[in-house]
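# Examination of the molecular architecture
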Amino acid sequence: MSKHFSFGLESTLGTAVAPTKGLPIRAGEGMKTLVDLRGQEVFDGSLSAYSDYYQGLVTHEGEIETDLDSQAAGYFWRSLCGTVTTTAVTGETGIYEHQFLPTGNKASFTIEQYNDTFPVRYAGVLVNSAKITAEPGGSILATYGLLGRSVVEDVNSAATVTYNLGHTFTHADVAAGLKVDNTSLPLVSNFEVEIISNKQAQYGLGNVNPQGFASGRYEVKGKFVLYLNDSNQISFYEAYLDKAAKALEITFNGDSLSGTNVNKESLKLSLPKAYFSALLNPINAEAARLEVEFVATLDASTQTLFELTLINQISSYAS
């Protein structure tokens, strides 16, 4: 069996390009096309309830799940966010830091799903959401929600694909754990954060496919489990009850990129202003723990909702 998922950066939304960059994905539905087939209901003496059918609006959407990596992930965050600022790491050769912020024009893809002998390509694909999930003993998973503009027709053969992934993150790469107000929390178990950009498809007369996507307003939410081993963690209850803003940060550190072992392939997500939206302390046979849910909002002092930082050997995410 031969199956792959590949993508290529478009210079213009919906103008298809060769999808030559590969991304290993988990089993799932992937992208799909939904056709709103509408019946024409008339009374014409026929036994049929509808005299004919026509296409209403066509939607191209789906999601993919992959192991979070230090290189290919940057392309998907560029599509989700829009703005990426790349600088060379001081004192190093061939090591770069990329900062992603939710502003600016979003990058679009042409993607291909190849299932044995059946290649399907979509043009004008944008990332509408990204979710990062971590749990003890597992790899770090990234789930990307996708929206597309159209299916590319007359594709008879699969694209030639190359994979540039860098380090694939696992639970062992969360050495510093989750930080709250710059203090590392011990014994953080399951962690999840999701960022939704709420892009809206724009339809016009004369075409069943969306002609573009309007930027929406971002939602940021997540949850984690914290095992209790310190009475001072009662402060979480106080922060929850008082609606106290907290800065959250999680970092995944991979392979060393320098001889000093200082610069590593890494991904860091920062939420400068978050609130605990739910907090449970279940009484059961398991060790005492807090189950915490959170939401994030814009930090007025920095004008930042969230920031993602990648360090790797990719010099640019422009192509």
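All figures in this text were calculated on a predicted structure; none of them were measured in a lab.

### Topic: a nonpolar patch on the surface
Taken together, the side chains of Val35, Leu37, Tyr50 and Tyr53 make up a nonpolar region of the molecular surface, amounting to roughly 380 Å² of accessible area. Here valine 35 lies in strand β3 (residues 30-40). According to the relative accessible area criterion, valine 35 is partly exposed, its value standing at 42%.

### Some details on helix α1 (residues 73-81)
For α1, a buried count of eight out of nine residues is recorded, marking the element as mostly surrounded by other parts of the structure. Among all positions of α1, only Ala73, Gly74, Tyr75, Phe76, Trp77, Ser79, Leu80 and Cys81 are buried. The positive-phi residue at the C-terminal boundary of α1 is glycine 82, with phi of around 110°.

### Observations regarding the side chain of asparagine 209
With respect to the helices and strands, asparagine 209 occurs in the loop between β14 (200-202) and β15 (212-214). Exposure remark for asparagine 209: the relative accessible area of 19% places this residue in the buried category. At 2.8 Å, the side chain of asparagine 209 forms a polar contact with the side chain of histidine 60.

### Quick look at the pairing of strand β7 (residues 109-115)
Judged by how many residues are buried, β7 sits mostly within the fold: six of seven residues are covered. Note: strand β1 (residues 3-9) against β7, seven bridges, orientation antiparallel. In the strand pairing of β7, glycine 8 is matched with threonine 110. Sheet topology note: the β7/strand β8 (residues 118-134) ladder contains six bridges and is antiparallel. Among the inter-strand pairings, asparagine 115 is bridged to a residue of β8, identified as phenylalanine 118. Turn length for the β7-β8 hairpin, with the two strands adjacent in sequence and antiparallel, is two residues, and the turn residue aspartate 116 shows positive phi of about 60°.

### Regarding the environment of isoleucine 311
If you trace the backbone, isoleucine 311 turns up in strand β20 (residues 307-312). A residue is classified by how much of its surface remains accessible, and isoleucine 311, at 14% relative accessible area, is buried. With near-sequence residues (within four places) excluded, isoleucine 311 lies in contact with Ile95, Tyr96, Glu97, Leu257, Lys264, Glu265 and Ser266.

### Things to note about the pairing of strand β16 (residues 219-227)
Strand direction decides the pairing type here: strand β13 (residues 188-196) and β16, joined by seven bridges, are antiparallel. In the sheet register, glutamate 194 faces β16, and the bridge partner there is lysine 221.

### Overview of the confidence of the model for the chain
Detail in the predicted coordinates should be disregarded across regions flagged by low pLDDT. Within the chain, residue pLDDT values average 90, and 97% of them lie at 70 or more. When mean pLDDT is taken per element in the chain, strand β9 (residues 141-148) scores highest with 97 and helix α2 (residues 235-242) scores lowest with 80.

Thresholds applied
- Each chain has its residues counted from 1, running along the sequence as written.
- For a predicted model such as this one, the threshold for reporting local features is a pLDDT of at least 70, and the threshold for listing and counting side-chain atom pairs is 80 or more; totals across whole chains, interfaces and linings nevertheless cover every residue.
- With hydrogens and water excluded, all non-hydrogen atoms of the structure serve as input to the side-chain values.
- A patch consists of residues exposed above 30% relative accessible area that lack any salt bridge, with like charges linked at up to 9 Å and nonpolar side chains (Val, Leu, Ile, Met, Phe, Trp, Tyr) linked at up to 5 Å.
- Only the protein chains shown count as cover for residues, with accessible areas throughout obtained via the Shrake-Rupley method and a probe of 1.4 Å.
- Salt bridges are defined as contacts in which a side-chain nitrogen from Lys or Arg sits within 4 Å of a carboxyl oxygen from Asp or Glu.
- The helix and strand labels rest on DSSP assignments: H or I over at least four residues marks a helix, E over at least two residues marks a strand, and numbering proceeds from the N terminus.
- When a residue's accessible area, from a 1.4 Å probe over protein chains only, is under 20% of the maximum for its type it is buried; when over 50% it is exposed; and in between it is partly exposed.
- Polar contact is the term for a pair of N or O atoms within 3.5 Å; when the atoms are in protein, one must be able to donate a hydrogen and the other to accept it, and sequence-neighboring residues count only if both atoms are side-chain atoms.
- Pairing between strands is defined by DSSP: at least two bridges between them are needed.
- Should any heavy atoms of two residues lie within 4.5 Å, those residues are counted as being in contact.
- Note on scores: pLDDT gives the predictor's confidence for each residue, bounded by 0 and 100.

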